[in-house]
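Observations on the three-dimensional arrangement
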Amino acid sequence: MANLKELRGRIKSVSSIAQITRAMEMVASMKLRKVQAKAQSFHPYTEEVRLMIERIAGKVQSEGDVPLFQSREVATVGILVVTSDRGLCGSYNTNLLNSLRDRIEELKAAGKQIKFWCYGRKGYTWLKRRG
């Protein structure tokens, strides 16, 4: 059985590790908030581009020879996966990859071909392990 001095040393080391972990979590969450704020700042621009394309499509829709605006069957779906490389973003990666798994099953059931573009090591290794 460990003596009192060893137990106190272990308690001290565990508490210092917990303190470091909390600091790392705060840094990771601040980085994530910053990226989310940046992504949301692009929302007005993307909305305006979408509306512009809808206006153009409405004017060109009567012309049937423009391939960009013709309705056709979707055979291949592209998915951009953005995950972290490392760090304390476990719930972000987990939630994202769980929803990706559901989306993959849904697309495979519909008979679609899927192409992936990955940004971040966690998503890349997750997809690589699953073929």
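As a starting point, this report considers the structure included with it. Everything numeric in this text was worked out from a predicted model, so none of it was measured.

Attention now moves to the pairing of strand β1 (residues 76-82). Side chains Val 77, Ile 79 and Val 81 of β1 all project onto a buried face; the interleaved residues Thr 76, Gly 78, Leu 80 and Val 82 project onto a face where none is buried. Summarising the sheet, β1 and strand β2 (residues 113-119) pair through seven bridges and their orientation is parallel. In the strand pairing of β2, Val 81 is matched with Cys 118.

All buried positions along helix α4 (residues 121-129) are accounted for by Gly 123, Trp 126 and Leu 127. One side of α4 carries all its buried residues, which in axial view fall inside an arc of 95°. Away from its buried face, by an angle of more than 90 degrees, α4 presents the exposed residues Lys 128 and Arg 129. Gly 131 sits one or two residues past α4 and shows a positive phi near 75°.

With that settled, the discussion passes to a positive patch on the surface. On the surface, Lys 31, Lys 34, Lys 38, Arg 86, Arg 121, Lys 122, Arg 129 and Arg 130 cluster together into a positively charged patch. Broken down by secondary-structure element, the contributors of at least two residues to the positive patch are α1 (4-41) and α4. Looking at the secondary structure, you find Arg 129 in helix α4.

About the cut-offs
- Residues numbered from 1 in each chain as written.
- Predicted model: local features only at pLDDT ≥ 70, side-chain atom pairs only at ≥ 80, totals over all residues.
- Heavy atoms only, no water.
- Buried < 20%, exposed > 50% of the residue type's maximum accessible area, 1.4 Å probe, protein only.
- Helix = DSSP H or I, 4+ residues; strand = E, 2+ residues; numbered from the N terminus.
- Pairing = 2+ DSSP bridges.
- Arc of directions from axis to C-beta.
- Patch = residues over 30% accessible without salt bridge, like charges linked within 9 Å, V, L, I, M, F, W, Y side chains within 5 Å.
- Areas by Shrake-Rupley, 256 points an atom, 1.4 Å probe, with all protein chains shown as cover.
- Salt bridge = Lys/Arg side-chain N within 4 Å of Asp/Glu carboxyl O.
- Lys, Arg positive; Asp, Glu negative; His and termini not counted.
- Charge placed at Lys NZ, Arg CZ, Asp CG, Glu CD.

Treat this as a map of the structure, not an account of what it does.
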